[in-house]
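Structure assessment
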Amino acid sequence: MTEGRHLQGIATALWRDNPGLVQLLGLCPLLAVTGSFVNGLGLGIATLAVLTVSNGLVSATRRFLQKEIRIPIFVLIIASLVTCVELLFEAFFPALDRALGIFIPLIVTNCAIVARAEVFASRNPVVSSIVDGFGMGLGFLLVLVTIGLMRELVGQGTVFADMHLLFGGEPVNGLVVADAGWLIAILPPGAFFALAVAIAAKNAMDRRRSVRLRERTGLR
Amino acid sequence: MQFERLNAPHVRSTASVPRIMLQVLLALVPAAIAHVWYFGPGFLFNLIIATGFCVASESAMMAARGRPPEDALSDYSAIVTAALIAFALPSLTPWWVTAIASTFGIVVAKHLYGGIGFNVFNPAMAGYVVVLVAFPADLNLWVAPRMGDTDYTTLSLVETLTFTLTGGLPDALTYDAVSRATPLDLMKSGLNQMQTVEEIRALPTMGDFGGRGWEWIGNFLALGGIWLMIKRVIRWQIPLGVLAGLLVPATIAFMIDPGSNPGPGYHLFSGATILCAFFVATDPVSAATSTRGRIVYGIGIGFLIYAIRKWGAYADGAAFGVLLMNMAVPAIDAITRPRIVGHGGASRE
């Protein structure tokens with residue numbers, strides 16, 4: 001019974017309410033670190049972990065919190081989780097940690113996380129909050145890796161380069177599609193272009209689907 | 001006797017978009033001839049390639065938007081965009097760089113915003129900036145101007161065409177043999193190496209005021225620009241504003257420390273100053289529209305050019321200045337909206 005509802009919640013988080021493409025939350029890390037697939041994946045995993053656990057903790061403590069000071073408490077919870085994630089990254093993926101730099105600690109200020117704590121976790125039971133956090137984090141991760149993939153392909157002509165930062169082993173060049181790319185895609189303007197293209201593509205798909213649906217059902 | 005009664009306006013302007021665009025193109029002709037004389041036939045190849053891609057992408061976008069392509073093509077605005085891109089690019093440019101600049105300018109900067117009349121950014125400068133940021137190495141190949149260095153190898157027509165189409169130079173020639181840093185590049189790197197302006201100005205690429213060759217192209221551009229002003233195709237506020245915004249700070253800095261600040265004549269006759277003042281900043285769509293707004297817009301561009309040349313990482317800032325002020329245009333127009341007669345303004349109590 002509830003499982004179906006959870007699955008539907010995750011599907012909604014991935015597409016209809018996607019934090020990156022629809023809610024446009026957490027744009028600062030989204031634009032800043034998506035220069036390559038591996039950077040996007042690294043930050044996406046970190047955000048996913050923080051969002052899932054923070055939603056669970058906020059939901060578990062929601063009855064003890066003073067309503068007036070709930071947001072600072074959310075931030076404290078999120079900050080302690082981010083500190084854990086940061087130490088884990090430093091310990092296990094030092095190179096990726098250096099590549100992502102300040103944006104790992106800055107997950108604290110990712111408004112997508114505070115928004116889920118406030119909008120969902122503080123009013124819902126623990127399990128559905130964890131599911132919601134996971135779904136939203138996954139939706140954010142997918143946007144990060146998609147934009148990272150686009151920018152890496154256009155910007156340096158490779159796909160999945162430097163995956164050793166995350167999985168260890170020998171340095172890898174990934175799939176080399178071209179020898180050189182358009183530098184602008186790696187630079188900040190490329191992030192805005194890539195995000196705009198991704199949002200436009202999503203809207204176009206939605207519109208096409210709704211047109212098809214209307215034709216099939218014969219509704220106006 | 002019954003006279004036919006007509007409603008106002010009784011006197012109609014002969015101005016139309018195609019007519020204005022043709023006048024702009026005509027005003028660019030002397031400078032184009034000077035460009036070919038000083039920097040070789042590469043300019044013509046760039047112009048042809050840019051025109052081809054601008055026209056093709058304009059037709060494709062009009063078709064994609066479900067409109068007849070000839071509506072957009074008959075106003076010649078795509079060709080003006082192509083001409084401005086050809087002036088902005090170095091004469092030795094691989095064809096695909098020109099193609100990307102033209103396509104981006106028309107597709108993204110013009111048609112994604114709604115086509116002519118709706119574009120926020122100047123399409124030519126948007127296209128140029130994209131390739132400038134994306135391919136910095138390919139946009140540094142300015143050939144040395146005719147009558148410049150003595151050790152300079154000229155490329156023939158065929159060799160220039162080969163380079164444009166393949167990006168390859170004839171055997172035994174290197175990039176260094178055919179290209180030179182632009183005067184603004186020389187000035188920037190020279191000043192960074194603690195040389196004085198006087199030492200840098202003694203280099204062979206330098207002319208009487210700005211760069212050799214560049215200053216004559218500037219003269220012919222100014223000639224065309226002044227003709228456009230007389231014809232009232234462009235208003236005087238924007239060119240004057242650009243020149244004032246650039247030259248006033250340049251003069252002040254020059255008077256304070258002539259050793260590390262090139263004079264106003266140098267700024268006027270280097271890089272894209274005159275092209276920008278008369279032909280780019282005056283784009284009627286992306287510029288401010290009120291009289292006071294045009295002055296503010298022009299001064300803003302001029303000062304940004306000065307700031308980028310003096311403190312920025314790029315040697316010239318005309319394209320960036322125009323794009324940045326394009327963004328400010330809605331605010332400028334809102335603030336400088338002229339008072340309607342009889343409404344608002346000073347109270348008459």
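Residues numbered from 1 in each chain as written. Chains lettered and ligands numbered in written order. Predicted model: local features only at pLDDT ≥ 70, side-chain atom pairs only at ≥ 80, totals over all residues. Heavy atoms only, no water.

**Considerations on the packing of helix α4 (residues 77-88) of chain B against helix α5 (residues 95-111) of chain B**
All names here are of chain B. With their axes 10 Å apart at the nearest point, α4 and α5 run at an angle of 130° to one another. Taken together, the axes of α4 and α5 are oblique relative to one another. Between α4 and α5 lies a crossing of right-handed hand. Contacts from S77, A78, T81 and I85 in α4 reach A101, S102, I106 and K110 in α5. (Axes fitted to C-alpha atoms, helices over the stretch in contact; angles between N-to-C directions. Helix = DSSP H or I, 4+ residues; strand = E, 2+ residues; numbered from the N terminus. Parallel < 35°, antiparallel > 145°, perpendicular 65-115°, else oblique. Left-handed = near helix turned anticlockwise from the far one by under 90°. Contact = heavy atoms within 4.5 Å.)

**Overview of the environment of B:Y128**
All names here are of chain B. For Y128, the location among the structural elements is in helix α6 (residues 123-134). Along the chain, Y128 and A88 lie 40 residues apart, while their C-alpha atoms are 7.1 Å from each other. Not counting chain neighbours up to four residues away, the residues in contact with Y128 comprise A88, L89, A101, L139 and A319.

**A short note on the interface of chain B and chain A**
The interface is formed by 7 residues belonging to chain B together with 6 residues belonging to chain A. Both sides together, the interface formed by chain B and chain A hides about 550 Å², and carbon and sulfur atoms give 88% of it. Our enumeration of links across chain B and chain A arrives at 1 residue pair in polar contact (both at pLDDT 80 or more). Looking at the side of chain B that touches chain A, the elements with two or more residues in it are α5 and α6 of chain B. (Buried area = accessible area lost by both parts, 1.4 Å probe. Polar contact = N/O pair within 3.5 Å; in protein donor to acceptor, adjacent residues only side chain to side chain.)

**A few points about the confidence of the model for chain B**
Averaged over all residues, the pLDDT of chain B equals 88, while 96% of them reach at least 70. Least confident of the elements in chain B is helix α8 (residues 175-178) of chain B, whose mean pLDDT is 72; most confident is helix α12 (residues 237-256) of chain B, at 95. (pLDDT = per-residue confidence, 0-100.)

**Some words on the nonpolar core**
If you look at the biggest cluster of nonpolar residues, it comprises 84 residues, and the most contacted ones within it are B:L28, B:F87, B:L221, B:F279, B:Y297 and B:I301. Counting residues domain by domain, this core receives three or more from each of domain 1 (16-178) and domain 2 (181-335) of chain B. Excluding its chain neighbours within four sequence positions, the residues that come into contact with B:L221 are B:L28, B:A31, B:F87, B:I274, B:L275 and B:F279. One finds A:V38, A:I77, A:A121 and A:I147 within the second-largest nonpolar core, a separate group that totals 45 residues. (Core = buried A, V, L, I, M, F, W, Y, C linked by side-chain atoms within 4.5 Å. Buried < 20%, exposed > 50% of the residue type's maximum accessible area, 1.4 Å probe, protein only. Domains from an automatic or database assignment.)

**What about the packing of α12(B) against helix α14 (residues 273-280) of chain B?**
All names here are of chain B. Two elements in contact, α12 and α14, have axes separated by 8 Å at closest approach and are oriented at 150°. Judged by the angle between their axes, α12 and α14 are roughly antiparallel. In terms of crossing hand, the pair formed by α12 and α14 is right-handed. Facing I238, P239, V242, L243 and L246 of α12, the residues of α14 in contact are T273, A277 and F278.

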